[in-house]
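Okay, here's what each chain looks like letter by letter:
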Amino acid sequence: MTRGKFITLEGLEGVGKTTNRAFLESLLNEAGVAFVGTREPGGTPLGESLRNLVLHAEGQMQAETELLLMAASRVEHVATVIEPALQRGEWVLCDRFLDASVAYQGAGRELGVERVAQLHEMMGVVLTPDLTILLDMTVEAGLERMAERGAPDRIERETLAFFERARMAYLQRATAAPERVVVVDASQTLVQVQVQIQDALERILPRSSA
Ligand code: T5A
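A quick note: this is a predicted structure, and the numbers were derived from the prediction, not measured.

As for the nonpolar core
No. 1: Membership of the largest hydrophobic core comes to 46 residues, with the highest contact counts inside it found for Leu12, Trp91, Tyr104, Ile133, Leu135 and Leu201.
No. 2: Sort the elements by how many residues they give to this core and helix 7 (residues 160-176) lands first, with six residues.
No. 3: Here Leu135 is in contact with Leu9, Glu10, Gly11, Leu12, Val15, Gly16, Lys17, Asn20, Val184, Ala186, Val193 and Ile197, once residues within four sequence places are set aside.
No. 4: The next biggest cluster of nonpolar side chains, apart from the first, holds 20 residues, and it includes Ala63, Val78, Ile82 and Ala85.

See the structure below:
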């Protein structure tokens, strides 16, 4: 059985991950690729409970606690959803993964990108995506797109400086792994964004399905 491919979508708030996850799903369906669509934090019943806790807890939360909750959700997700699907030969399309913890907790919360990576290694989360699409645009523009939404969650209420640090960490991850991470300028029209996403996907689609 050929192992499936693992695709992740990353970027700050409002850059269009949810919108483009649906687009990628339609491309995979057209290509006849069996896949699992999922998200983090979340993706399992326990992970969704942890998501609710980490995004909507009242009062203060230590940065380390936030990281551990994100990581706990990821351990469950990898072990019970992502890895089994890849081993069945299915592809996995995930809205956010480890890069998000590096960006938000490692850089945004200033816990250190190395510490975040080490924690995941310690827990056996060593999975690297085959393709990561990083939707990038200014923090202000992303938050503006989010403005029409309801009340912001705990992380969405963070400062511009927090999101700037997270954005820089994402871009550094992309520079360090250009074979994995495709950076797409998310400030373009949706059509322009999706042309680039389609190009990136075609690089890893099996030739007969492309
Ligand atoms: N988190 C997560 C961590 O801190 N650490 C971690 O390890 C992980 C995994 C999760 C939160 O948790 C944090 C990060 C987050 O704060 P989430 O729901 O996954 O939350 O993340 P959000 O970024 O909040 O996701 P959203 O769904 O709210 O934003 P999206 O998905 O990026 O944006 P989307 O697709 O909803 O689009 C926003 C609006 O823009 C429009 C859309 O129609 C929509 O109205 N739009 C465009 N408009 C014009 N041009 C385009 N090109 C457009 N693309 C989209």
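From this point on, the discussion continues.
As for empty space enclosed by the protein
No. 1: Taken as a whole and judged by the stated rule, the model has one cavity of 30 Å³ or more.
No. 2: Quantified by volume, the largest cavity comes out at close to 40 Å³.
No. 3: Around the largest cavity sit Glu10, Asp99, Thr132, Leu134, Tyr170, Arg173, Ala174, Arg180 and Val181, which together line it.
No. 4: For the lining of the largest cavity, the leading source of residues is helix 7, giving three residues.

Here's the deal with unusual backbone geometry
No. 1: Residue Pro41 follows Glu40 across a cis peptide bond; omega there is -10 degrees.
No. 2: Along the chain, the position of Pro41 falls in the loop between strand 2 (35-39) and helix 2 (45-56).
No. 3: Even without being glycine, Glu110 reaches a positive phi, approximately 60 degrees.
No. 4: By secondary structure assignment, the location of Glu110 is in the loop between helix 4 (98-108) and helix 5 (113-122).
No. 5: Residue class for Glu110 comes out exposed when judged on its relative accessible area of 57%.

Description of the pattern of salt bridges
No. 1: The tally for this structure, following the rule as stated, stands at 13 salt bridges.
No. 2: Here Glu48 and Arg39 are joined by a salt bridge, their closest N and O atoms 2.6 Å apart.
No. 3: The exposure class assigned to Arg39 is partly exposed, which follows from its relative accessible area of 30%.
No. 4: Linking Glu158 and Arg109 is a salt bridge whose minimum nitrogen-to-oxygen distance equals 2.6 Å. One end of the pair, Glu158, is in the loop between helix 6 (139-146) and helix 7; the other, Arg109, is in the loop between helix 4 and helix 5, with 49 residues separating them in the sequence.
No. 5: Assessed through its relative accessible area of 24%, Glu158 is described here as partly exposed.

A short note on the layout of surface pockets
No. 1: Reported here for the largest pocket is a volume of approximately 760 Å³.
No. 2: Lining the largest pocket we find 36 residues, and of these Glu13, Gly14, Lys17, Thr18 and Arg96 sit closest to its centre.
No. 3: With five residues, helix 1 (residues 17-30) is the largest single contributor of residues to the lining of the largest pocket.
No. 4: Taken as a whole, the second largest pocket encloses approximately 240 Å³ of empty space.
No. 5: In this structure, the second largest pocket is lined by 14 residues; those nearest its centre are Leu98, Ala117, Leu127, Thr128 and Arg173.
No. 6: Among the secondary structure elements, those contributing two or more residues to the lining of the second largest pocket are helix 4 and helix 5.
No. 7: Looking at the lining of the second largest pocket residue by residue, the classes come out as eight nonpolar, two polar and four charged.

Section: the site of the ligand
No. 1: Taken together, 29 residues form the shell around the ligand, and within it Lys17, Thr18, Thr19, Ser101 and Arg149 come nearest.
No. 2: Within the side chain of Lys17, one N or O atom sits 2.7 Å away from an oxygen atom of the ligand.
No. 3: Arg149 places a polar side-chain atom, nitrogen or oxygen, 2.5 Å from an oxygen atom of the ligand.
No. 4: Alone, the ligand offers 1,000 Å² of accessible surface; in the complex the protein occludes 82% of this.
No. 5: Only helix 1, helix 2, helix 3 (63-87), helix 4, helix 6 and helix 8 (190-204) provide two or more residues apiece to the shell around the ligand.

Definitions and cut-offs
Residues numbered from 1 in each chain as written. Predicted model: local features only at pLDDT ≥ 70, side-chain atom pairs only at ≥ 80, totals over all residues. Heavy atoms only, no water. Core = buried A, V, L, I, M, F, W, Y, C linked by side-chain atoms within 4.5 Å. Buried < 20%, exposed > 50% of the residue type's maximum accessible area, 1.4 Å probe, protein only. Helix = DSSP H or I, 4+ residues; strand = E, 2+ residues; numbered from the N terminus. Contact = heavy atoms within 4.5 Å. 1 Å grid on protein atoms, 1.4 Å probe; cavity = no way out; pocket = protein on both sides within 12 Å on 5 of 7 lines; lining within 4 Å. Points joined across faces, edges and corners; volume = space filled by probe spheres on them. Salt bridge = Lys/Arg side-chain N within 4 Å of Asp/Glu carboxyl O. Nonpolar A, V, L, I, M, F, W, Y, C, P; charged D, E, K, R; others polar. Near = heavy atom within 4 Å. Polar contact = N/O pair within 3.5 Å; in protein donor to acceptor, adjacent residues only side chain to side chain. Areas by Shrake-Rupley, 256 points an atom, 1.4 Å probe, with all protein chains shown as cover.

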